[in-house]
Amino acid sequence: MYYYIFEPVKQSYQRKLQEKIKRLVLNLGISGEIVSSSPARTINDLVDIALTKGFTTVVCVGNDLFIKKVLSALLLKVDLSDSKIAFGIVPLDYKDSFFAKKLKYQTPEDACQCLRYRNLKSWDVGFINPSKFFLSPLTARTENQVTLKIILPDYELMSSFTKLTINTDLLV
């Protein structure tokens with residue numbers, strides 16, 4: 001069962017695109033409960049409602065920032081690696097969207113077709129602290145060389161770099 005969390009409409013073109021997506025998911029047979037965040041019902045509240053009602057697929061429809069907020073709220077509530085919950089993404093700004101590029105969506109229709117056929121992809125998630133995370137790999141660049149020292153119980157690691165990539169699937 002699908003639980004769609006739509007970004008609040010800010011501009012008229014977004015309203016038209018959201019209505020098009022709503023019609024598309026209905027026509028594709030993947031309709032479900034559709035909600036939108038507001039000051040009265042925050043993203044955290046909506047994620048709680050989805051989990052309480054037992055939805056197995058939470059779909060976020062919005063721009064990258066909104067998608068990140070919904071994903072963060074969901075990650076704080078459940079361990080997706082042990083959960084039966086799938087997280088779907090329908091980027092509204094698909095031409096400039098990190099998520100659309102990563103998932104190779106050319107249009108919102110592509111995203112809806114992936115939902116229809118349940119094309120699941122997994123991403124590694126690295127946690128910086130309990131409420132901050134990143135999708136792996138994470139790459140950081142600096143103009144000046146930076147030295148990083150990691151101290152572990154059995155050894156120390158020290159390295160200098162201008163580019164650092166952290167990949168959460170590395171095994172030590």
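Residues numbered from 1 in each chain as written. Predicted model: local features only at pLDDT ≥ 70, side-chain atom pairs only at ≥ 80, totals over all residues. Heavy atoms only, no water.

Colleague: Please explain the sheet that holds strand β3 (residues 57-62) as it appears in this structure.
Modeller: Across a sheet, paired strands are connected by hydrogen bonds in the backbone, their directions being either parallel or antiparallel. Sheet architecture is open: four strands sit in the order β2-β1-β3-β4, paired in parallel fashion. Looking at which strands have only one partner, the edges of the open sheet turn out to be β2 (32-36) and β4 (86-91). Here the strands of the sheet are splayed against their neighbours by 20 degrees on average, with no regard to which way each runs. With five bridges connecting them, strand β1 (residues 2-6) and β2 associate as parallel partners. Looking across to β2, one finds that Tyr3 is bridged to Glu33. Its contacts with the sheet put helix α3 (residues 64-77) on β1, β3 and β4, and the angle it makes with β3 is roughly 155 degrees. (Pairing = 2+ DSSP bridges. Helix = DSSP H or I, 4+ residues; strand = E, 2+ residues; numbered from the N terminus. Axes fitted to C-alpha atoms, helices over the stretch in contact; angles between N-to-C directions. Contact = heavy atoms within 4.5 Å.)

Colleague: How should I be thinking about the packing of aromatic side chains in this particular structure?
Modeller: Given two aromatic rings, one states the distance between the centres and the angle between the planes to describe the pair. Using the criterion set out here, one finds four aromatic pairs in the structure. Ring geometry for Tyr3 against Phe55: centres 4.9 Å apart, planes inclined by 45 degrees, an arrangement best described as tilted. On the criterion of sequence distance, the pair formed by Tyr3 in strand β1 and Phe55 in the loop between α2 (43-52) and β3 is long-range, its members being 52 residues apart. Per residue, the accessibility class of Tyr3 equals that of Phe55, and both read buried. When the centroid spacing of 5.2 Å and the interplanar angle of 80 degrees are considered together, the rings of Phe98 and Phe99 count as edge-to-face. Assessed through its relative accessible area of 41%, Phe98 is described here as partly exposed. Chaining the aromatic ring pairs together yields one cluster made of Tyr2, Tyr4 and Phe6. Between the NZ or CZ atom of Lys22 and the centre of the ring of Phe6, over which it lies, the distance is 5.1 Å. (Phe/Tyr/Trp six-rings, centres within 6.5 Å; stacked < 30°, edge-to-face > 60°. Buried < 20%, exposed > 50% of the residue type's maximum accessible area, 1.4 Å probe, protein only. Lys NZ or Arg CZ within 6 Å of the ring centre and 35° of its normal.)

Colleague: Help me understand the nonpolar core in this model?
Modeller: The nonpolar side chains of a soluble globular protein tend to be buried, and buried together. Grouped together as the largest cluster of nonpolar side chains are 43 residues, with contacts concentrated most on Tyr4, Ile5, Ile21, Val61 and Val90. The element that contributes the greatest number of residues to this core is α3, accounting for seven residues. Beyond its immediate stretch of four places on either side in the chain, Val61 contacts Tyr4, Ile5, Phe6, Glu7, Ile21, Phe66, Val90 and Leu92. (Core = buried A, V, L, I, M, F, W, Y, C linked by side-chain atoms within 4.5 Å.)

Colleague: What is the right way to read helix α1 (residues 12-27) from this model?
Modeller: Note: α-helices contain 3.6 residues per turn, so residues at a spacing of three or four share the same orientation. Taking 1.5 Å as the rise per residue, α1 with 16 residues should run 22 Å; its terminal C-alpha atoms sit 23 Å apart, in good agreement. Following α1 by one or two positions, Gly29 adopts a phi angle in the positive range, close to 80 degrees. (Expected span 1.5 Å × (residues − 1).)

Colleague: Just checking my understanding: could you explain unusual backbone geometry for this structure?
Modeller: Glycine aside, residues mostly have negative phi, and peptide bonds are mostly found in the trans state. If you check the backbone angles, Lys104 has positive phi at about 65 degrees while not being a glycine. Tracing the backbone through its elements, the reader meets Lys104 in the loop between α4 (98-103) and α5 (108-116). A positive phi angle, close to 50 degrees, is found at Arg118, a residue other than glycine. As for its position among the elements, Arg118 is in the loop between α5 and β5 (125-129).

Colleague: What's the story with the pairing of β3 in this structure? I'm lost.
Modeller: Along a regular strand, successive side chains alternate from one face of the sheet to the other. In terms of burial, β3 is largely enclosed, as six of its six residues are buried. In this sheet, β3 lies alongside β1 in parallel orientation, the contact comprising five bridges. If you follow Ile5 over to β3, its bridge partner there is Cys60. Alignment of β3 against β4, held across six bridges, turns out to be parallel. Within β4, the position partnered with Val61 by the bridge is Val90.

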